[in-house]
Amino acid sequence: LRRRLVRRHQRRYLGSLIHESDSTVTLIWAGFLLGCAFGVAARLSRFCLLRGLRQQLQRASPDNDGAPALQAFALALAVALIASQALAFGGQIDLNTAQVVRANFSVTGTLLGGLLFGAGMVLARSCGARALVLLAGGNLRALVTLLCLGLAAQATLTGVLVPVRQWLQGWGQLTLAHATLPQQLQAAGFSNSATLTLVAGLPSLALLGYALWRPALRKSALSLCCAIVIGALVAALWWITAHVGVDPFEPAPLTSLSFIGPVAEGLLYLQLAVGRNVGLGPAIVAGTLAGAFLTALFTRNAHWEGFDKPTHLAASACGGLLMGFGGVLAVGCSIGQGLSGLSTLAFSSLPACLG
């Protein structure tokens, strides 16, 4: 009888391990496929916040049609916000457990991280996500940027820059009773429907108004559709990390599109793969590269690009280093905080995006 009970326990234990392994593989493949979708959409539409800001600053006259790339970013944020909050209010996900949502954070450190990331983005002429998309088309400048970004991010997360990060994160510490705007409104006595209207409806209407008021984005059906897809991917990843591969005893924080930590983790996995399990972040990075690469081949715009001057190499390297350090300090990039973070309406995302 004892042997039978032991064998039964062993079968159940092995079955749970197999089920857990299958769920992990499913999560990784889901991340890879959604990363492919992001890579395709970002490559086709040249989706980039920096590009939109440049267009906005270079507008020649008030009669200009607008900045389509910035309008596309606003549309993607509106879709991400509406879809994510709808899933949360429908009980499908709990955004309060998202990785970017923090009730205790350093306002000064987060703002400084956003500033450093923004400066690095301009120097490198791309953010982390855009660098991946450019690299897939043969841009070697993006390769230098990504290598430096991953090096600085890993050094800031677990390396020699940890003391510096901890010191900066000690400045301006703020502890909130409620980490997100929906939590704050519900604690103030607002009903679920009123809270959903206030936190998702009004900001989304403003974003949609900006995105569609000027005709620039409306003239490009491709950019408009790709922006909608990218916004939907943010919500889809929240849902997937909430339902696929979840350990009920050790639930992991919800994650969505972000490219600072995942790029660093992916580079580390390439060097130390033995004994390590690949995570969702590197799977999204690999999917982004694959999707953008196939798109570049299909559209026949893949070609090698390098540096014209040594100063351009220095700018790309310095930009990557600043983005890696600043992105870790701000807990996200222009995608990780600008889309995923803001879709949760976390208060900690505001200083990062402002920076």
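Everything below is about the structure printed above this text.
Quick summary incoming for the structure in this document. (Residues numbered from 1 in each chain as written. Predicted model: local features only at pLDDT ≥ 70, side-chain atom pairs only at ≥ 80, totals over all residues. Heavy atoms only, no water.)

## Points about the packing of helix α3 (residues 68-89) against helix α9 (residues 192-213)
Now for step 1: Viewed as axis vectors pointing N to C, α3 and α9 meet at an angle of 165°, and their least axial separation amounts to 8 Å. In terms of axis orientation, α3 runs roughly antiparallel to α9. As for the relative orientation of α3 and α9, their crossing is left-handed in sense. Contact residues: α3 offers Leu70, Gln71, Ala74, Leu75, Leu77, Ala78, Leu81, Ile82, Gln85 and Phe89, while α9 offers Asn192, Thr195, Leu196, Val199, Ala200, Pro203, Ser204, Leu207, Leu208, Tyr210, Ala211 and Leu212.
Now for step 2: Residue classes in the contact of α3 with α9 are distributed as 17 nonpolar, 5 polar and no charged. (Axes fitted to C-alpha atoms, helices over the stretch in contact; angles between N-to-C directions. Helix = DSSP H or I, 4+ residues; strand = E, 2+ residues; numbered from the N terminus. Parallel < 35°, antiparallel > 145°, perpendicular 65-115°, else oblique. Left-handed = near helix turned anticlockwise from the far one by under 90°. Contact = heavy atoms within 4.5 Å. Nonpolar A, V, L, I, M, F, W, Y, C, P; charged D, E, K, R; others polar.)

## A closer look at helix α2 (residues 49-57)
Now for step 1: Turning to α2, its buried residues are Leu49, Leu50, Gly52 and Gln55.
Now for step 2: On the buried face of α2, the contacting elements are α3 and α4 (107-124). (Buried < 20%, exposed > 50% of the residue type's maximum accessible area, 1.4 Å probe, protein only.)

## So, the environment of threonine 175
Now for step 1: Mapped onto the secondary structure, threonine 175 falls in strand β2 (residues 173-175).
Now for step 2: Residues threonine 175 and alanine 103 lie 72 residues apart in sequence; the distance between their C-alpha atoms is 5.7 Å.

## A short note on unusual backbone geometry
Now for step 1: Backbone geometry places arginine 46, a non-glycine residue, at a positive phi of 55°.
Now for step 2: Relative accessible area serves as the criterion here: at 44%, arginine 46 is assigned to the partly exposed category.
Now for step 3: Phi at arginine 300 is positive, roughly 60°, even though this residue is not glycine.
Now for step 4: Considering the arrangement of structural elements, one finds arginine 300 in the loop between α13 (280-299) and α14 (310-330).
Now for step 5: With a relative accessible area of 77%, arginine 300 lands in the exposed category.

Fair warning: the whole summary comes from geometry, so function is off the table for now.
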